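One letter stands for each residue in the lines below.
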Amino acid sequence: MELLIQQILNGIIVGSMYALIASGLSLIWGTMKMLNLAHGEFYMLGGFFMFFLNVSAGINPFVSGIISIAIVFIAAVIVQRVVIHYLMEKPGWTESHLIATFGISVLLQNLALNIWGERFKNIPYYVDANIYIFGIGLSAQRILIFMVAVLVIVLFWGFLKYSRFGQALRATSQDRDSATLYGINTKLIYMIAFGVSAILATVAAIMLAPIYSVNPWMGSDLLLKALAVVIIGGLGSLVGAIVGGIGLGILEGLGIIVFSSEWQNVIAFSLLILVLWIRPSGLFGTKEW
Amino acid sequence: MINIRDINVYYGDVQVIHNLSMKIEEGKTVALLGSNGAGKTTTLKTISGLLSPKSGEIFYGDKRLDKIPPNMIISHGISHVPEGRRLFPQMTVEENLLMGAFEKSLWGKRKEKLEYVYGIFPRLKERRLQHGGTLSGGEQQMVAIGRALMSTPKILMLDEPSLGLAPKIVESIFELLQNLNKEGITILLVEQNVNVALEISDSAYVMETGKIVLEGNAEDLMDNVYVKQAYLGL
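What this report covers is the structure whose coordinates are included nearby. Since we're looking at a predicted model, the values are computed, not measured. (Residues numbered from 1 in each chain as written. Chains lettered and ligands numbered in written order. Predicted model: local features only at pLDDT ≥ 70, side-chain atom pairs only at ≥ 80, totals over all residues.)

A closer look at the sheet that holds strand S3 (residues 29-34) of chain B
All names here are of chain B.
At step 1: Read across the sheet, 6 strands follow the order S6-S7-S8-S3-S9-S10 without closing on themselves; strand pairing throughout is mixed. Of all the strands in the sheet, the pair left with one neighbour each is strand S6 (78-81) and strand S10 (211-217). The average undirected angle you get between the axes of adjacent strands in this sheet is 15°.
At step 2: As paired elements, S6 and strand S7 (residues 155-159) share 4 bridges and run parallel to each other. (Pairing = 2+ DSSP bridges. Helix = DSSP H or I, 4+ residues; strand = E, 2+ residues; numbered from the N terminus. Axes fitted to C-alpha atoms, helices over the stretch in contact; angles between N-to-C directions.)

Set out below in structure tokens:
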């Protein structure tokens, strides 16, 4: 029984990070109608910058995190402006963006491999303690992960719902021409959306790096999972990304009790296939941003 | 106020507007008439910058409108109510209206503007938290016009505001347009509903396959045999 609750809690915690990564993917889908196959690489970049700042340079985790976020945001905006921006204006966008983002993904992975090497790098826990909730022990690091996830999702939601810029972003995703007519610079919106989505991936990388590790391929595994989450939750739906992410986390946690941890992806993709059978648009698939 | 000189507009390789010239004078209501596919919507889209002419010029006073990026047009006081209303379907009525005042100089005054629009359309205040996509056609048109009015326009361009609406609602919308015109807003009205449009307009242009085939003041056009045959069914 204790193991069961332990695994559910762990599932919620890891799932909250899936939710963050998937929200970014979903944001990009919602605004630009594209799947960003390089999303995992922004996660990877986030992990590396965090490692260099926090471990190599010894800067405190909070400041390192903020700097990493800023760097990855700028990198993502540049990628959008230099590659995506031009493709969006041209015919064949529905296919070209997949090839382009896949290319960016391969490029960034190999850059990381060549510059930073293939050795797995570890980041120590940011907080080192155990907290007991109803007699169940959890590391403070995991509690911190969950708190950060909730905070970031609430901030992100508030940004979309109440800020002038967030409203413009939603308006653009719902009707680009109308948005333009009412003074919104949609090209700028696309750049910001791309950057914000990379921020969400970076936050997840910063929080998960101490549990997993930092390496050039860390993003591809998570991208697969995030793809499963957004398809299960419904592409373009923020609620879907959150529910899908946490749901998948719990299911994986429980799966470990029954099978072993190698079966994680089998569980994720079985669920994906199941959802596609029963509800092809995903659980929350019809709503736009 | 707006002076269109000899514009040619293309969709890809296909020319849809041929040597079109038009004048919209300040304080007037001008109708742009014609059947489906004549190029009326394209003309409006070209004025508001969503499309750019391959040749020709659009002057707004002495400014070149066709050189201004589309999202900056509204800050010059030109507001476009697009065909089919084009609301933001997942945003509430109020959020939709607020987007009309997105422009930096207007955002600070959005609360007052909102009250002004609710004054014109009390129904929208009742529905302020409802999503744009769940409204009736008439209410959607109110939101679309309200959103345009949020930007304090000098020129209001409307693309088929009567489309798909009951005659009674059409009547009240046209009455509103007349009132707005009296308040000093210049109106460019694209319509297939020729009769009603000519009634409230000062002058009109008739388009056919991308060209202006007829122009003149509204009363004369009402009597024009050609218009009668082609559009009024007389």
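And the narrative resumes.
Looking at the packing of helix H10 (residues 238-258) of chain A against helix H11 (residues 264-278) of chain A
Residue and element names in this part refer to chain A.
At step 1: At a minimum axis separation of 9 Å, H10 and H11 run at an interaxial angle of 135°. Between H10 and H11, the angle falls in the class oblique. The element H10 and its partner H11 pack so that their crossing is right-handed. Facing H10, whose interface residues are Leu248, Leu251, Glu252 and Gly255, H11 presents Gln264, Ile267, Ala268 and Leu271.
At step 2: Here the contact of H10 with H11 is built from residues that sort into 5 nonpolar, 2 polar and 1 charged. (Parallel < 35°, antiparallel > 145°, perpendicular 65-115°, else oblique. Left-handed = near helix turned anticlockwise from the far one by under 90°. Contact = placed C-beta atoms within 7 Å. Nonpolar A, V, L, I, M, F, W, Y, C, P; charged D, E, K, R; others polar.)

Regarding the pairing of strand S2 (residues 136-139) of chain A
Residues and elements named next belong to chain A.
At step 1: In this structure, strand S1 (residues 130-133) lies alongside S2, joined through 4 bridges in antiparallel fashion. Bridge pairing in S2 links Ile133 to Ile136.
At step 2: Hairpin connection between S1 and S2: a loop of 2 residues separates the two successive antiparallel strands, and Phe134 in this loop has a positive phi of roughly 50°.

Some points on the nonpolar core
Proteins that are soluble and globular tend to have nonpolar side chains buried together.
At step 1: If you look at the biggest cluster of nonpolar residues, it comprises 149 residues, and the most contacted ones within it are Met17, Ala19, Ile21, Ala193, Ala204 and Ala226 of chain A together with Leu189 of chain B.
At step 2: In terms of residues, this core owes the most to one element, helix H8 (residues 186-208) of chain A, which gives 16 residues. (Core = buried A, V, L, I, M, F, W, Y, C linked by C-beta atoms within 7 Å. Buried ≥ 20, exposed ≤ 12 C-beta atoms within 10 Å, placed from the backbone.)

Observations concerning the interface of chain A and chain B
At step 1: Taken together, the 18 residues of chain A in the interface contact 21 residues of chain B.
At step 2: Broken down by secondary-structure element, the contributors of at least two residues to the side of chain A that touches chain B are helix H6 (164-174) and helix H7 (176-181) of chain A.
At step 3: The biggest single contributor to the side of chain A that touches chain B is H6 of chain A, with 6 residues.
At step 4: Within the side of chain A that touches chain B, the residues separate by chemical class into 6 nonpolar, 6 polar and 6 charged.

Some details on the pairing of strand S9 (residues 203-208) of chain B
All names here are of chain B.
At step 1: In terms of burial, S9 is largely enclosed, as 5 of its 6 residues are buried.
At step 2: Pairing analysis gives 5 bridges linking S3 to S9, with the strands arranged parallel. Across the sheet, residue Val30 finds its bridge partner in S9, namely Ser203.
At step 3: Examined bridge by bridge, S9 and S10 share 6 bridges and lie antiparallel to one another. Each bridged residue has a counterpart across the sheet, and for Ala204 the counterpart in S10 is Gly216.
At step 4: The loop that links S9 with its antiparallel partner S10 comprises 2 residues; one of these, Thr209, has a positive phi angle of about 35°.

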